Amino acid sequence: MTGEELYGVWAPPEAAWSAWAKPVLFAEGPTAAGPPAAGPPAADGPPGRDLAPATDRVPPADGETALVLDLAADLAVELGARLARDRGYRPVPLFNGCVGPGQPMVDSGAAARLLVRLAPVVSEANAALAPGAPPAFLLDHFRMARGQQPRPGQFDNRWLAFPPDFPSGPLLLARGVKVVVVVTAEPEPPAEDLVHVLLRWRRSGLRLLGLALSRPEPAPLDPATPWTFRRVWYRALATLGLRRSSVGGFGALLPTESLGGGHGYTGYRGGFG
Amino acid sequence: MSEDEVLVLVLSAVVAVVGWATWAMGLSGVRRTGRPGGGLGPLMAAPALCLAVLVGVLLTLAASEVREAPEYLTLYALLGMGWLAVLARVFTLLGVSARDDVAERRNPAAALALGGALVGLTLCFAGANIGEGPGWWVVVYSASLATLGFFLAWALVEWLYGVSDVVTVDRDGAAGLRFGAWCVAIGLVLGRSVAGDWSSAMETARDAVRVAWPVPLLAAAEGVLGRVLAPTAARPRADLVLAGVLPGTAWLAAAAAYVLLAGRW
């Protein structure tokens with residue numbers, strides 16, 4: 001399977017939300033992160049955790065609820081595939097950092113391998129999913145590498161999510177979505193980059209809920225407004241210090257010397273096709 | 001050519017070539033996995049269109065010394081393209097990014113807005129070349145006035161209806177088209193406002209303010225229209241013809257009519 005074909009499984013052209021799916025992990029090629037682990041291609045098989053309780057806690061895909069899975073990247077992919085198969089949500093991968101060589105700051109490899117491994121599950125689910133099935137946006141909770149600072153020689157693939165990475169509030173409402181549930185592992189306030197998205201949605205009239213996998217019920221989400229909210233220069237300022245990849249998304253090797261700039265990652269293992 | 005003109009020529013050539021080469025490479029290097037189109041092709045062609053517009057103005061309306069001397073034509077064409085290459089980076093600070101929104105997100109609304117903005121800024125610079133003047137510094141001065149007016153007007157529109165969000169988050173093609181046309185329209189008026197024979201810096205600034213009076217009106221009109229046509233749950237994206245083509249044509253027609261009525265500088 002080529003990267004293009006894999007992308008077509010996770011973001012089929014007929015699906016209503018595919019325009020928002022990020023191609024970065026797919027463009028690197030399905031083998032960029034190494035071969036997928038052996039085992040049955042099922043969302044609940046190894047190396048999957050027991051995601052049944054988490055899946056059951058997510059509201060049913062009644063068309064009025066959209067999800068944002070802000071979890072460890074591999075968990076987000078697993079849960080996304082399972083929600084596609086068992087609950088009728090359309091997983092929309094928004095991972096925007098390259099896998100990269102060596103020791104990357106953000107481990108995208110596990111998620112990249114799971115995108116390959118779980119492709120048959122999602123492909124099968126696609127047959128049953130309506131084109132307008134409600135979305136489950138997949139984010140890597142550790143996209144900013146837990147606040148670590150980059151070191152010389154490291155592959156800096158930290159990234160942020162921005163409002164243009166998601167459908168607008170009016171569009172979600174127009175497609176019947178009324179509630180957005182942010183799913184996290186533990187109860188905690190959403191990351192600041194996500195707050196910019198959530199506040200726009202709330203202003204449009206969407207209801208926000210937070211669902212921690214460690215808790216039984218979702219709770220109302222009321223993020224505080226950051227002072228940079230709706231400032232035109234916010235995106236330019238927020239990405240200062242992050243490294244762009246020359247093939248799209250984020251990721252570049254940092255120079256080993258103390259002087260000189262990093263260079264954008266150009267992919268390895270041949271890319272897609 | 002004098003020494004300072006040679007220096008400006010060389011610096012402009014470096015900035016223009018490096019600036020546009022990195023701009024184009026940044027856009028074309030992004031992989032297109034599963035996502036063709038999005039207006040990237042037309043946006044990549046926009047700098048060539050801008051160069052054609054600039055050279056056309058230089059060949060017909062610039063000072064006689066420029067029109068008749070290839071080295072001066074080259075100087076002002078490169079100065080203009082270098083000017084534009086620098087300003088193309090400013091759009092990101094205004095909330096619309098060629099790389100992020102067009103190349104990566106494949107958002108045609110952003111391509112339309114940015115394409116229009118590039119042409120509008122070209123007209124600002126081209127206008128500064130119209131008429132007789134003592135040298136390149138008066139072109140830079142006049143172009144600075146027009147460019148300042150351009151970005152102030154953009155800021156007003158942003159304040160009135162948040163055009164950057166409508167274009168990048170709502171991905172409203174009609175808004176992108178209308179705003180792109182609006183940028184061209186105000187570029188036309190601002191370019192005209194700094195056109196003419198040079199007398200003094202103060203006189204040029206006075207003329208610019210006197211002639212550019214329709215720009216705030218156009219900004220207010222675009223702002224009000226943007227608010228009225230803002231995406232809603234009932235209409236998440238506006239009708240391309242009614243909210244894009246028609247008002248965009250109206251902005252262009254109004255600006256062209258004003259420039260024609262204003263007559264020669």
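Residues numbered from 1 in each chain as written. Chains lettered and ligands numbered in written order. Predicted model: local features only at pLDDT ≥ 70, side-chain atom pairs only at ≥ 80, totals over all residues. Heavy atoms only, no water.

Attention now moves to the interface of chain B and chain A. With 31 residues of chain B at the contact, the number on the chain A side is 38 residues. Both faces considered, chain B and chain A share a buried interface measuring about 2600 Å² in area, 48% of it formed by carbon and sulfur atoms. Arginine 200 of chain A serves as the salt-bridge partner of aspartate 165 of chain B, at 2.7 Å between the closest nitrogen and oxygen. One can count 12 residue pairs in polar contact (both at pLDDT 80 or more) joining chain B with chain A. Mapped by element, the contributors of at least two residues to the side of chain B that touches chain A are helix H5 (90-93), helix H6 (98-104) and helix H9 (163-168) of chain B. Ranked by the residues each element gives to the side of chain B that touches chain A, the list is headed by H6 of chain B, at 4 residues. Looking at the side of chain B that touches chain A residue by residue, the classes come out as 8 nonpolar, 10 polar and 13 charged. (Contact = heavy atoms within 4.5 Å. Buried area = accessible area lost by both parts, 1.4 Å probe. Salt bridge = Lys/Arg side-chain N within 4 Å of Asp/Glu carboxyl O. Polar contact = N/O pair within 3.5 Å; in protein donor to acceptor, adjacent residues only side chain to side chain. Helix = DSSP H or I, 4+ residues; strand = E, 2+ residues; numbered from the N terminus. Nonpolar A, V, L, I, M, F, W, Y, C, P; charged D, E, K, R; others polar.)

Let's shift gears to a nonpolar patch on the surface. Residues Met1, Val6, Val10, Val14 and Val18 of chain B make up a contiguous nonpolar surface patch of about 400 Å² in total accessible area. In this fold, valine 10 of chain B is placed in helix H1 (residues 3-28). (Patch = residues over 30% accessible without salt bridge, like charges linked within 9 Å, V, L, I, M, F, W, Y side chains within 5 Å. Areas by Shrake-Rupley, 256 points an atom, 1.4 Å probe, with all protein chains shown as cover.)

Moving on, we get to the packing of aromatic side chains. According to the stated counting rule, one finds 18 aromatic pairs over all chains in the structure shown. Relative to tryptophan 201 of chain A, the ring of phenylalanine 137 of chain A has its centre 6.4 Å away and its plane inclined at 35 degrees; by these criteria the two rings are tilted. With phenylalanine 137 of chain A in strand S3 (residues 135-140) and tryptophan 201 of chain A in helix H8 (residues 192-204), this pair connects stretches of sequence that are 64 residues apart. Exposure remark for phenylalanine 137 of chain A: the relative accessible area of 0% places this residue in the buried category. A relative accessible area of 2% places tryptophan 201 of chain A in the buried class. Aromatic ring contacts, followed pair by pair, group Phe91, Phe150, Phe151, Trp154, Phe179 and Trp182 of chain B into a single cluster. Sitting over the ring of phenylalanine 142 of chain A, arginine 146 of chain A keeps its end group 3.9 Å from the ring centre. One Lys or Arg, arginine 175 of chain A, reaches over the ring of tryptophan 17 of chain A and ends 4.8 Å from the middle of that ring. (Phe/Tyr/Trp six-rings, centres within 6.5 Å; stacked < 30°, edge-to-face > 60°. Buried < 20%, exposed > 50% of the residue type's maximum accessible area, 1.4 Å probe, protein only. Lys NZ or Arg CZ within 6 Å of the ring centre and 35° of its normal.)

What follows is about a negative patch on the surface. All names here are of chain B. A surface patch of negative charge is lined by Glu65, Glu68, Glu71, Glu132 and Asp197. Structurally, glutamate 68 is set in the loop between helix H3 (64-67) and helix H4 (70-87). For glutamate 68, a relative accessible area of 62% corresponds to the exposed category. (Lys, Arg positive; Asp, Glu negative; His and termini not counted. Charge placed at Lys NZ, Arg CZ, Asp CG, Glu CD.)

The biggest cluster of nonpolar side chains holds 83 residues, and the ones touching the most others in it are Leu43, Phe91, Leu118, Phe150, Trp154, Phe179 and Trp182 of chain B. If you tally residues by element for this core, the top one is helix H7 (residues 108-128) of chain B, at 14 residues. When near neighbours in sequence (up to four residues on either side) are disregarded, phenylalanine 179 of chain B contacts Ala113, Trp154, Val157, Tyr161, Val163 and Glu222 of chain B. Counting 70 residues, the second-largest nonpolar core is a separate cluster that includes Val58, Ala73, Leu160 and Leu211 of chain A. (Core = buried A, V, L, I, M, F, W, Y, C linked by side-chain atoms within 4.5 Å.)

This brings us to the pairing of strand S6 (residues 207-212) of chain A. All names here are of chain A. Most of S6 sits out of view: 5 of its 6 residues are buried. Pairing between strand S5 (residues 179-184) and S6: 6 bridges, direction parallel. Its bridge partner being in S6, valine 182 is matched across the sheet by glycine 210. In the sheet, S6 pairs with strand S7 (residues 219-220) via 2 bridges, with the strands oriented antiparallel. Considered in S7, the bridge of glycine 210 is made with alanine 219. Between the antiparallel neighbours S6 and S7 lie 6 residues. (Pairing = 2+ DSSP bridges.)

Residue and element names in this part refer to chain A. Across the interface, helix H4 (residues 73-86) lies against helix H6 (residues 119-128) with an axial gap of 8 Å and an inter-helix angle of 30 degrees. Compared by their axis directions, H4 and H6 come out roughly parallel. Crossing geometry of H4 relative to H6 is assigned as left-handed. Seen from H4, the contacting residues are Ala81, Ala84 and Arg85; seen from H6, they are Val121, Val122 and Ala125. The class makeup of the residues in the contact of H4 with H6 is 5 nonpolar, no polar and 1 charged. (Axes fitted to C-alpha atoms, helices over the stretch in contact; angles between N-to-C directions. Parallel < 35°, antiparallel > 145°, perpendicular 65-115°, else oblique. Left-handed = near helix turned anticlockwise from the far one by under 90°.)

We now examine the pattern of salt bridges. All names here are of chain A. Inspection of the entire model under this criterion finds 19 salt bridges over all chains. The salt bridge involving aspartate 70 is made with arginine 143; its shortest N-O contact spans 2.9 Å. Taken together, the positions of aspartate 70 in strand S1 (residues 65-71) and arginine 143 in the loop between S3 and strand S4 (155-156) put the pair 73 residues apart, joining distant regions of the chain. Between arginine 243 and aspartate 156 there is a salt bridge whose closest N-O contact spans 4.0 Å. Highlighted residues: arginine 243 in the loop between helix H9 (234-238) and strand S8 (252-253) and aspartate 156 in strand S4, separated in sequence by 87 residues. On the basis of relative accessible area, aspartate 156 is assigned to the buried category, the value being 0%.

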